[in-house]
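Topology and contacts: notes
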Amino acid sequence: MGQSASTAKLTGRRDSNHSQRLKSKSTALICPMQLEEAEEFDRRSIDGLSDFISDLPDECLACVFQSLSPIDRKRCSLVCRRWLRIEGQSRHRLSLNAQSDLHPLIPSIFSRFDAVTKLALKCDRRSVSIGDEALVLISERCRNLTRLKLRACRDLTDAGMLAFAKNCRGLKKLSCGSCTFGAKGMNAVLDNCPAIEELSVKRLRGITDGAAAEPIGPGVAAASLKTICLKELYNGQCFGPLIIGAKNLKSLKLFRCSGDWDKLFPLVVDRVTGMVEIHMERIQVSDVGLMAIANCLNLEILHLVKTPECTNAGLGAVAEKCKLLRKLHIDGWKANRIGDQGLIAVAKSCPNLQELVLIGVNPTKLSLAILASNCQNLERLALCGSDTVGDAEITCIAVKCIALKKLCIKSCPVSDHGIEALASGCPNLVKVKVKKCRGVTSEGADWLRTSRGSLAVNLDTGEHLDASTSDGGAQDNGVEFPAVLAGPIGGPTIASSSTGRSTSFKLLGLWSGRSLVACTLRRLASSNGSSRS
């Protein structure tokens, strides 16, 4: 009896050793990838359990990863080697800390993330940034790059930008700020990247000031450019050839760029006829420039922020010809050069107006009544820092602005009586924001909430806030409805999102979905781990 039992044990041991030898011989003949899949299959077969996520094709798993936040993607990449590989191959957007010690890590980083098309390189101002060699190495490994964002990369030179541009000819969007390369580096990009559609330049230190500055553009990129944004440039005028040569330009944004822009705008509008959006903030422009802009017959969006030389005459000229105007933002800087006369011209000539933001402008009931009567599509209205907007003006808005959905009032002499008028007016109103209006009390806001239960009322008395006015324009004056998303590129060394969504509405819709998918993945991973243990 004992002998037969021992014989059975020996026989079973020989069979197991034989099977292990066969398994080792067979696995030695297959590739490592097949071995990895075989091991995962064996793990799934333990105790008869089935891991359904492991049965998903790589493409489906990549779609799941693309719906996750950057933090959840990093966590998923730690689950197994397959998830690590798929997560890296499916990541199209990457943000890196561009300090000098990044250089030796570039080969390993872009070996894993070999499908990156959108790259952000940001360096701290107190640190040493990557140089030309690192940028060239990145361009050699990311030849399909379509978007590049550079921040405070002060060690990049014109030569590095030239080498980069030759390797990444498919570039569509370039944003650079606080860099030190100059006009030659910018021209190198414009001459070698014919597909560029968006160009954003801020504080480009290498551009020399004065008449000796080298002109920038137009280059081969001028034909494809649709958006140009220039910020805080000592000599923004050197971009004149590029702006004039960009015949398909749709959006032009100029923020705090020195130079006389009245001389440039007539030349621009003669060549660029399809302009839809123009932003001007703290630049030297007067009615002469506005009268030239009036020839942009397709203009839909106009921002005049802290341009004190612009008056009612210039605004009237724009309104008379630009009848498609939908959004108008004016920060009059309390210069009283734009008022009822200019607004009445807008009301009479621009019936499609949907959004009006007035900061430091003093409209009265006269202009507001005509705006409300003629602009039947006006949905968003902001009145900030006005000395003439009181209860009578708010009552006029409540009675006549039928389509109004969002109303913002800041630092105006409005009281509870004006707010009470909103209870029975503006039938489509969904949100009211009142800030730093001393005559409006919390009791008045509560009464309005009670009277209109569906109306969101946001009251900020400003007692605990700094009452000083900032230079940020409409955004700093409590105007919320112009949707602006600022995507941070700082933070962790690698932080990315491959979704590419740019609107707040899509992001709001995804937050719940991302958390749900992440929670599901974590539960499945934990259940599999407990079953294996």
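Let me begin by describing the structure that accompanies this report. (Residues numbered from 1 in each chain as written. Predicted model: local features only at pLDDT ≥ 70, side-chain atom pairs only at ≥ 80, totals over all residues. Heavy atoms only, no water.)

A word on the nonpolar core. Counting 126 residues, the largest nonpolar core has Leu119, Leu121, Leu150, Met186, Phe239, Met280 and Leu422 as the members making the most contacts within it. Not counting residues within four places of it along the chain, the set of residues in contact with Leu150 comprises Leu121, Leu156, Met161, Ser175, Cys176, Gly177, Cys179 and Phe181. Listed in part, the eight residues of the second largest apolar core include Ala62, Leu68, Cys76 and Ile86. (Core = buried A, V, L, I, M, F, W, Y, C linked by side-chain atoms within 4.5 Å. Buried < 20%, exposed > 50% of the residue type's maximum accessible area, 1.4 Å probe, protein only. Contact = heavy atoms within 4.5 Å.)

For strand β11 (residues 355-359), a buried count of five out of five residues is recorded, marking the element as mostly surrounded by other parts of the structure. Side-chain alternation along β11 places Glu355, Val357 and Ile359 on one buried face and Leu356 and Leu358 on a second face that is also buried. Relative to β11, strand β10 (residues 327-331) is paired through five bridges, and the arrangement is parallel. Opposite Ile330, over in β11, you have Leu358 as the bridge partner. In this region the chain leaves β10, passes through helix α14 (residues 340-349) and returns to the parallel neighbour β11; the handedness of that crossover is right-handed. (Helix = DSSP H or I, 4+ residues; strand = E, 2+ residues; numbered from the N terminus. Pairing = 2+ DSSP bridges. Right-handed = clockwise from strand over helix to strand, strands pointing away.)

What follows concerns the pattern of salt bridges. Considering all chains together, one arrives at 14 salt bridges under this definition. Asp331 is the salt-bridge partner of Lys306, the closest N and O atoms lying 2.8 Å from each other. Here the residue Lys306 occupies a position in the loop between β9 (301-305) and α13 (312-321), and Asp331 occupies one in strand β10, the gap between them amounting to 25 residues. One network of salt bridges, in which partners are shared, links Arg73, Glu87, Arg91 and Arg112. (Salt bridge = Lys/Arg side-chain N within 4 Å of Asp/Glu carboxyl O.)

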